[in-house]
Amino acid sequence: MEIDPFIFRLSIFILSIFVGYYVVWSVTPSLHTPLMSVTNAISSVIIVGAIIAALSDNNGNIFSSSSIYGFLAIILAAVNIFGGFLVTQRMLAMYKKKKKDKN
Amino acid sequence: MSANLSAILYLISGVLFILALRGLSSPETSRQGNLFGIIGMIIAVTVTFLSVGNFTLGFIYVLLFLVIGGSIGAFIAYRIPMTAMPELVAGFHSLVGLAAVFVAISAFINPEAFNLGTPNNIKLASLIEMAIGAAIGAITFSGSIIAFLKLQGIMSGAPITFRGQHLLNALILISIIVLVFYLCSTQSSKLFWILIAVSFLIGFLIIIPIGGADMPVVISMLNSYSGWAAAGIGFTLENTALIITGALVGSSGAILSYIMCKGMNRSFFNVILGGFGATDQTSNNQNKEQKPVKSGNADDAAFLMKNASSVIIVPGYGMAVAQAQHALREMVDTLKKNDIKVSYAIHPVAGRMPGHMNVLLAEANVPYDEVFELEEINNDFINADVAFVIGANDVTNPVAKTDPQSPIYGMPVLDVEKCKSVLFVKRSLSPGYAGIDNELFYKENTLMLFADAKKMTEEITKNLD
């Protein structure tokens, strides 16, 4: 009997939860705010679905009822991707070590 | 592009996202981690373009909308002050939630585009995944909007409660499950729209009873939800990158919520059921005025610190409100010039979101190796000469260790009172968010500095010279 592909995806999902669990516990508490902004940015990979939805043009109609939702989702996800990664970068650039010559 | 190749590339982008989070284990590797995240995103988007392979006019529009959204995002990212990070993150969560809802709607209207069957005859598994993704996405959206409004101060931070609230919420949650069940058996688009509407409503209802002080838990929780919503859509689209990311973000948010709850010694359900901060306000107010308090001025504070050999700074959200972090750093610079050892002690729930205080200090050019977490520094208070509490309150209250009747009993607190002397910068004796009096105010070794945090810090710096 063949295994349903859903089971494979479920396996990836469950294993990723465990990976996430251990990786996130190793994040230093001082970086918890950048952690939130970067997780926010990467969860916008949902843009993949938005692009498929937007380009699903049937009968040459660019703005069909389904693709409009795709375009709207692209805008939202793009705000998040750029905003999330850039604000994370801006924050991380501020974390500096003690200057050695200062002691 | 073949389906197998694109699946492998999506897997690679998922792995890059894991490395992005892994990088955050230390500030040195974090910037590289963020780069991995960006590369992962570029791969995912490019692969999607190539596998759809539809480079017609629609593609131009996709790029156009990408640029519009991207410019808005970049503009916000550069302009946002660091004190407003909690609002920003809450706002961004709402966008992820709404994007998930839109993708689910689009997949429901036009399932052929996603290989999910035909309208009114969508594969059962896909329909369930889609419904779950849409429902969680909608909850994330409306919940984050409320969190945003509360953080921004547009909506009062006070918990909004009414009779039968929990019963109503429970009924709505049950109705969501019933709706998903009927949606799957009838494929009715009407039910799909009702499901989304009801999910918006419940997201709104579960956040309004939660008070302003619990926002760190709420933001983390919504972070987690946005992840589960993405994972739900990932299953619908059979996309590995989305499934991995959803799981990562979901567990990340859950862990942060747990850490925040532990920092307040409250159970997750206690926070969610809400209403904290509304009670106990009156009970402690009577005996407050009778107890003597020692208060001083900037001159006294400067004198104490000048004669100290080590000082521990305890910043809280009040510091951010007064925008005192830069003034504080200047004061610390002056102290260091006088060979006084200075370190910072951060409580897990200081600020309005996890790690918020650390970012604010980093922005004021405080080196991160001078900043310590509660467990790292709590044993040092006994050897320190001066504790300088600026904008923190409940997290220093010794009552949490001594009085089992207190609402914050059992909450881990910074052992500030063990210092030889405590300088407490505060506008007045009013209680903090927990609504209880701070015993620290009345201790022998405490000197209250009644003033605006920024002004006081600047004056102390002047007096130190």
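Residues numbered from 1 in each chain as written. Chains lettered and ligands numbered in written order. Predicted model: local features only at pLDDT ≥ 70, side-chain atom pairs only at ≥ 80, totals over all residues. Heavy atoms only, no water.

1. A look at the overall build of chain A
Spelled out, the test is: Secondary structure is summarised from DSSP: a helix means a run of H or I of at least four residues, a strand means a run of E of at least two, and numbering begins at the N terminus for each. Radius of gyration: over C-alpha atoms. The globule rule applied is 2.2 Å multiplied by the number of residues raised to the 0.38 power. When a residue's accessible area, from a 1.4 Å probe over protein chains only, is under 20% of the maximum for its type it is buried; when over 50% it is exposed; and in between it is partly exposed. Contacts are assigned to residue pairs that have any heavy atoms within 4.5 Å of one another. Note on areas: Shrake-Rupley, 1.4 Å probe, and residue coverage restricted to the protein chains presented here. Think of it this way: Lys and Arg go in the positive column, Asp and Glu in the negative one, and His and the chain ends go nowhere. Lysine's charge is taken at NZ, arginine's at CZ, aspartate's at CG and glutamate's at CD.
Within chain A one finds 4 helices and 0 strands. The C-alpha radius of gyration of chain A comes to 20 Å, more than 25% above the 13 Å expected for a compact globule of 103 residues. Its C-alpha atoms put chain A at 70 × 45 × 15 Å along the principal axes. Within chain A, the proportion of its 103 residues that are buried is 56%. The long-range fraction of contacts in chain A, counting pairs at least 24 apart against all pairs at least 6 apart in sequence, stands at 62%. Total accessible area on chain A stands at roughly 4,600 Å², and carbon and sulfur atoms take up 66% of it. Charge centroids of chain A, computed over 8 positive and 4 negative side chains, lie 32 Å from each other.

2. Some points on the packing of aromatic side chains
Note the following rule: Working definition: a ring pair exists when centres of Phe, Tyr or Trp rings (six-membered ring for Trp) sit within 6.5 Å. Plane angles under 30 degrees give stacked, over 60 give edge-to-face, the rest tilted.
The full count for this structure, using the stated rule, is 18 aromatic pairs over all chains. Considering the side-chain rings of A:Phe6 and B:Phe235, the 5.7 Å spacing of their centres and the 45 degrees angle between planes classify their relative orientation as tilted. Separated into two different chains, A:Phe6 in helix H1 (residues 5–25) and B:Phe235 in helix H8 (residues 215–237) make up a pair that spans both. Exposure remark for A:Phe6: the relative accessible area of 29% places this residue in the partly exposed category. The buried category is assigned to B:Phe235, whose relative accessible area is 8%. Here A:Tyr21 and A:Tyr22 contribute two aromatic rings whose centre-to-centre distance is 5.1 Å and whose plane-to-plane angle is 85 degrees, an arrangement assigned as edge-to-face.

3. Here's the deal with unusual backbone geometry
All names here are of chain B. Although it is not a glycine, Gln323 adopts a positive phi angle of roughly 55 degrees. The topology assignment puts Gln323 in the loop between helix H12 (317–321) and helix H13 (325–337). Positive phi, normally seen in glycine, also occurs at Asn365, with a value near 65 degrees. Residue classification places Asn365 among the partly exposed positions, given a relative accessible area of 46%.

4. A short note on the sheet that holds strand E4 (residues 341–346) of chain B
All names here are of chain B. Our working definition: Think of it this way: DSSP has to see at least two bridges between two strands before they count as a pair. Convention adopted: a line fitted to C-alpha atoms gives each axis, helices being fitted over their contacting stretch, and angles between N-to-C directions are expressed from 0 to 180 degrees.
The strand order E5-E4-E3-E6-E7-E8 describes an open sheet built from 6 strands, whose pairing is parallel. Edge positions in the sheet fall to strand E5 (371–373) and strand E8 (446–450), since each of these pairs with one other strand and no more. When the angles between neighbouring strand axes are averaged without regard to direction, this sheet yields 25 degrees. In the sheet, strand E3 (residues 310–315) pairs with strand E6 (residues 386–390) via 5 bridges, with the strands oriented parallel. Among the inter-strand pairings, Val311 is bridged to a residue of E6, identified as Val386.

5. Re the nonpolar core
Put simply, the rule reads: Side-chain atoms within 4.5 Å are what join buried Ala, Val, Leu, Ile, Met, Phe, Trp, Tyr and Cys residues into a set we call a nonpolar core.
By size, the foremost hydrophobic cluster in this structure holds 188 residues, and its most contacted members are A:Ile74, B:Ile313, B:Phe381, B:Phe388 and B:Ile460. Here this core takes 16 residues from helix H4 (residues 85–109) of chain B, the largest share from any one element. Among all residues touching B:Phe381, those that are not within four sequence positions of it are B:Ile312, B:Val314, B:Ala345, B:Ala387, B:Leu414, B:Asp415, B:Val416, B:Lys418 and B:Cys419. If you look at the next biggest cluster of nonpolar residues, it comprises 5 residues, including A:Phe13, B:Phe235, B:Ile243 and B:Ala247.

6. Some details on helix H2 (residues 32–43) of chain A
Residues and elements named next belong to chain A. Spelled out, the test is: How far a helix is expected to stretch is found by multiplying one less than its residue total by 1.5 Å.
With 12 residues, H2 extends 16 Å from end C-alpha to end C-alpha; this agrees with the ideal 16 Å at 1.5 Å per step. Of all 12 residues in H2, 12 are buried, a share of seventy percent or more. For H2, the full list of buried residues reads His32, Thr33, Pro34, Leu35, Met36, Ser37, Val38, Thr39, Asn40, Ala41, Ile42 and Ser43.

7. What about the interface of chain A and chain B?
The line we're drawing: Two parts placed together each lose some accessible area; with a 1.4 Å probe, that loss summed over both constitutes the buried area. Put simply, a salt bridge is a Lys or Arg side-chain nitrogen that is within 4 Å of an Asp or Glu carboxyl oxygen.
Taken together, the contacts link 79 residues of chain A with 103 residues of chain B. Interface area for chain A against chain B, summed over the two sides, is near 8,300 Å², with a carbon-plus-sulfur share of 78%. A per-residue breakdown of the area chain A buries against chain B is headed by A:Met36, A:Ile46 and A:Leu55, which together make up 9% of the total. Inspection of the region where chain A meets chain B yields 1 salt bridge.

8. What to know about the side chain of B:Ser224
If you trace the backbone, B:Ser224 turns up in helix H8. Beyond its immediate stretch of four places on either side in the chain, B:Ser224 contacts B:Val249, B:Gly250, B:Gly253 and B:Ala254.

9. So, the pairing of strand E7 (residues 421–426) of chain B
All names here are of chain B. Taken across its 6 residues, E7 has 6 buried, putting it largely inside the fold. With burial as the criterion, each face of E7 is covered, one bearing Ser421, Leu423 and Val425 and the other bearing Val422, Phe424 and Lys426. Pairing of E6 with E7 involves 5 bridges; the strand directions are parallel. Bridged to Ala387 within E7 is Val422. Here 5 bridges tie E7 to E8, and the two strands are oriented parallel to one another. By the bridge assignment, Val425 is partnered in E8 with Leu449.

10. So, helix H3 (residues 57–79) of chain B
Here H3(B) spans 33 Å end to end across 23 residues, near enough to the 33 Å set by a 1.5 Å rise per residue. Residues B:Gly58, B:Phe59, B:Val62, B:Phe65, B:Leu66, B:Gly69, B:Gly70, B:Gly73, B:Ala74 and B:Ala77 constitute the buried set of H3(B). Contacts from the buried residues of H3(B) go to helix H3 (47–54) and helix H4 (65–92) of chain A together with helix H2 (27–52) of chain B.

11. A look at the confidence of the model for chain B
Residues and elements named next belong to chain B. We apply this condition: pLDDT is defined as a per-residue confidence score from the predictor, taking values between 0 and 100.
The predicted model of chain B has a mean per-residue pLDDT of 88, with 96% of residues at 70 or higher. Here residues 276–288 scores under 50 on pLDDT; set against residues more than four positions off or in separate chains, the count is 14 contacts. Model confidence for the complex: the whole-complex pTM is 0.90, and ipTM, which rates the interface, is 0.93.

12. Re a nonpolar patch on the surface
Applied cut-off: Like charges within 9 Å and nonpolar side chains (Val, Leu, Ile, Met, Phe, Trp, Tyr) within 5 Å are joined into patches, using only residues over 30% in relative accessible area that form no salt bridge.
Taken together, the side chains of A:Ile3, A:Ile7, A:Phe8, A:Leu10, A:Ile14, A:Phe18, A:Tyr21, A:Tyr22, A:Trp25 and B:Tyr258 present a nonpolar region at the surface, about 1,000 Å² in accessible area. Among the elements that line the nonpolar patch, the one with the most residues is H1(A), at 8 residues. Note on placement: A:Ile7 falls in helix H1. Judged by relative accessible area, A:Ile7 falls into the partly exposed class, the value being 40%.

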